[in-house]
Amino acid sequence: MTTAFAPYDLGSIHLANRIVMAPMTRSRAYGPGQSPTDLTATYYAQRASAGLIVTEGTQPSVVGQGYPDTPGIHSAEQVAAWRKVTDAVHAEGGVIFLQLMHTGRVGHPSLMGLTPVGPSAVAAKGQVYTHEGPQDFVTPHELAETEIAETIADFTTAARNAIEAGFDGVELHGANGYLIHQFLAPNSNQRTDAWGGSPERRIRFAVETAKAVAEVIGAEKVGFRISPGNPYNDIDESDRADVEATYTALVDALAPLGLAYLHQMETPEIRDLVVRLRKTWPGTFILNPFTGMEPTGLDALTLIEDGTADLIAYGALFLANPDLPTRLAAGGPFNTPDRATSFGGDHRGYTDYPTLG
């Protein structure tokens, strides 16, 4: 029986175990031009015992920023700052991928001085947090055909920058209501051209972006994250037949590319879809399982043992437990995440969680 603590070969990259640190926004990019800081390097290095670290969502362009103090990977100073992070993680024997997250219509002009963009000029319901406090989402600028090509190019440039910064690979964030997900969902993508309408056309942006990034850095260095049915950021994927058709088509189109992995964030009542997508996906399958309001815990390890996933991603529990693989192997105890320090702030709730040692 395979366990979570057995090593795993992610293509040519050797992982010490099958436990993944999931991407988690921390909003502490206080360096010049939204760059990570030395404290960021400490934070990730502390968690280098993960088989794989996937960083917080990182914007591939200025307009791709949706929240205060999130890091970018589109400038020379950002690349240099991230190099300190990857060097620190590699010095501890870790493996680290950068998550590329273009937030699309999720954002606000007060954050970056630009109008957010999206597949259609449809505002998300709700509010986004800014330096001035919560503000209503605005109607995004609908991307023209040429602007779609430019946005894909932003992803490829960012991917090259990530490799220059020393990352072992990148993860394309196609989940949680951000730009790639906005193209997939029918309520945020109301286009009638070749980029919208049927599931086959709505997956086009996701597939073209994955192809383009794979071509410039190598498919074996590219992961892809999805969250079918996730309503976060006003995504409506409540039509189960459409969700099944869309994500089946997406996975079928991504499968021949030879990507490093498919990373699924599970949402309620779709374990059957998880199982089907896992069966059709030819490569490594990472699952961030749905556990309600509680952080993913010890029970999730059985999903590797029964073959539901190759790797299991932990979010909040990794935030609070830098030595999480050791704690999981020991059956605990676990530090409790302090939600008040999740976003922004200093070292408190960031690099000061104790280890078992």
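Everything that follows concerns the structure shown earlier in this document.
What comes next concerns the included structure. (Residues numbered from 1 in each chain as written. Predicted model: local features only at pLDDT ≥ 70, side-chain atom pairs only at ≥ 80, totals over all residues. Heavy atoms only, no water.)

A word on the nonpolar core
Next, step 1: Counting 81 residues, the largest nonpolar core has Y44, L100, L172, F205, F224, L250 and Y314 as the members making the most contacts within it.
Next, step 2: Here the element with the most residues in this core is helix 7 (residues 204–217); it accounts for eight residues.
Next, step 3: Once you skip the residues sitting within four places of it in the chain, L100 turns out to touch T58, I73, F155, A158, A159, V170, E171, L172 and H173.
Next, step 4: Within the second largest apolar cluster, 15 residues are counted, among which are Y8, I13, V54 and I286. (Core = buried A, V, L, I, M, F, W, Y, C linked by side-chain atoms within 4.5 Å. Buried < 20%, exposed > 50% of the residue type's maximum accessible area, 1.4 Å probe, protein only. Helix = DSSP H or I, 4+ residues; strand = E, 2+ residues; numbered from the N terminus. Contact = heavy atoms within 4.5 Å.)

Notes on the pairing of strand 14 (residues 311–314)
Next, step 1: Side chains of strand 14 alternate between two faces, with L311 and A313 and I312 and Y314 buried alike.
Next, step 2: Judged from the three bridges that link them, strand 3 (residues 19–21) and strand 14 form a sheet pairing that is parallel. By the bridge assignment for strand 14, V20 is matched with A313.
Next, step 3: Two elements, strand 13 (residues 284–288) and strand 14, share two bridges in a ladder whose sense is parallel. Its bridge partner being in strand 14, L287 is matched across the sheet by I312. (Pairing = 2+ DSSP bridges.)

What about the packing of helix 8 (residues 240–254) against helix 9 (residues 271–280)?
Next, step 1: Closest axis-to-axis distance for the helix 8/helix 9 pair is 10 Å, and the angle between their directions is 20°. Comparing their axes, helix 9 and helix 8 come out roughly parallel. For the element pair helix 8 and helix 9, the recorded crossing hand is right-handed. Contacts between helix 8 and helix 9 involve R240, V243, E244, Y247, T248 and V251 from the former and D272, L273, R276, L277 and T280 from the latter. (Axes fitted to C-alpha atoms, helices over the stretch in contact; angles between N-to-C directions. Parallel < 35°, antiparallel > 145°, perpendicular 65-115°, else oblique. Left-handed = near helix turned anticlockwise from the far one by under 90°.)

So, helix 7
Next, step 1: Compared with an ideal rise of 1.5 Å per residue, which puts 14 residues at 20 Å, helix 7 spans 20 Å between its outermost C-alpha atoms and is within 8% of the ideal.
Next, step 2: Where helix 7 is concerned, the buried positions are F205, A206, V207, T209, A210, A212, V213, A214 and I217.
Next, step 3: Buried residues in helix 7 make contact with helix 4 (145–164), strand 10 (169–174), helix 5 (179–184), helix 6 (199–202), strand 11 (222–226) and helix 8.
Next, step 4: G218 sits one or two positions beyond helix 7 and adopts a positive phi of about 100°. (Expected span 1.5 Å × (residues − 1).)

A closer look at the sheet that holds strand 13
Next, step 1: In space, the eight strands of this closed barrel follow the order 3-4-5-10-11-12-13-14, with parallel pairing throughout. Each adjacent strand pair in this sheet contributes to an overall mean axis angle of 25°, direction not counted.
Next, step 2: Note that strand 11 and strand 12 (residues 261–265) share four bridges and pair parallel. Residue pairing in the sheet places G223 in a bridge with Y261 of strand 12.
Next, step 3: Packed onto the sheet, helix 1 (residues 38–46) meets strand 3, strand 4 (52–58) and strand 5 (96–100) and runs at close to 145° relative to strand 4.
Next, step 4: The sheet strands contacting helix 2 (residues 76–91) are strand 4 and strand 5, and the helix crosses strand 5 at an angle near 145°.

Re the packing of aromatic side chains
Next, step 1: According to the stated counting rule, one finds seven aromatic pairs in the structure shown.
Next, step 2: Here the aromatic rings of Y43 and Y350 are separated by 4.3 Å at their centres, their planes lie at 15°, and the arrangement is stacked. Separated by 307 residues along the polypeptide, Y43 in helix 1 and Y350 in the segment after helix 12 (324–330) bring together distant segments of the chain. Residues Y43 and Y350 agree in their burial class; the two are buried.
Next, step 3: Across from the ring centre of W195, 3.8 Å away, lies the NZ or CZ of R204, which sits over that ring. (Phe/Tyr/Trp six-rings, centres within 6.5 Å; stacked < 30°, edge-to-face > 60°. Lys NZ or Arg CZ within 6 Å of the ring centre and 35° of its normal.)

Comments concerning unusual backbone geometry
Next, step 1: Geometrically, the link from G332 to P333 is a cis peptide bond, its omega value of 0° lying close to zero.
Next, step 2: Tracing the chain through its elements places P333 in the segment after helix 12.
Next, step 3: We note that N233 has phi near 60°; this positive angle belongs to a residue other than glycine.
Next, step 4: Within the secondary structure layout, N233 lies in the loop between strand 11 and helix 8.
Next, step 5: With phi around 60°, D234 is a residue other than glycine that occupies positive phi space.
Next, step 6: For D234, the position within the fold is in the loop between strand 11 and helix 8.
Next, step 7: Residue classification places D234 among the partly exposed positions, given a relative accessible area of 23%.

What about helix 1?
Next, step 1: Inspection of helix 1 places T40, A41, Y43, Y44 and A45 among the buried residues, and these make up the whole buried set.
Next, step 2: The inward-facing, buried residues of helix 1 contact strand 3, strand 4, helix 2 and strand 5.

Concerning the pattern of salt bridges
Next, step 1: Going through the model one piece at a time under the given rule, you end up with 12 salt bridges.
Next, step 2: Among the ionic pairs, D234 bridges to R105, the shortest N-O distance being 4.0 Å. Taken together, the residues span a long stretch of sequence, with D234 in the loop between strand 11 and helix 8 and R105 in the loop between strand 5 and helix 3 (109–112) at a distance of 129 residues.
Next, step 3: Take R105: its relative accessible area is 1%, and that puts it in the buried class.
Next, step 4: For D323, the salt bridge identified is with R327, shortest N-O distance 2.7 Å. Per residue, the accessibility class of D323 equals that of R327, and both read buried.
Next, step 5: Among the charged side chains, a network of salt bridges with common partners joins R240, E244, D272 and R276. (Salt bridge = Lys/Arg side-chain N within 4 Å of Asp/Glu carboxyl O.)

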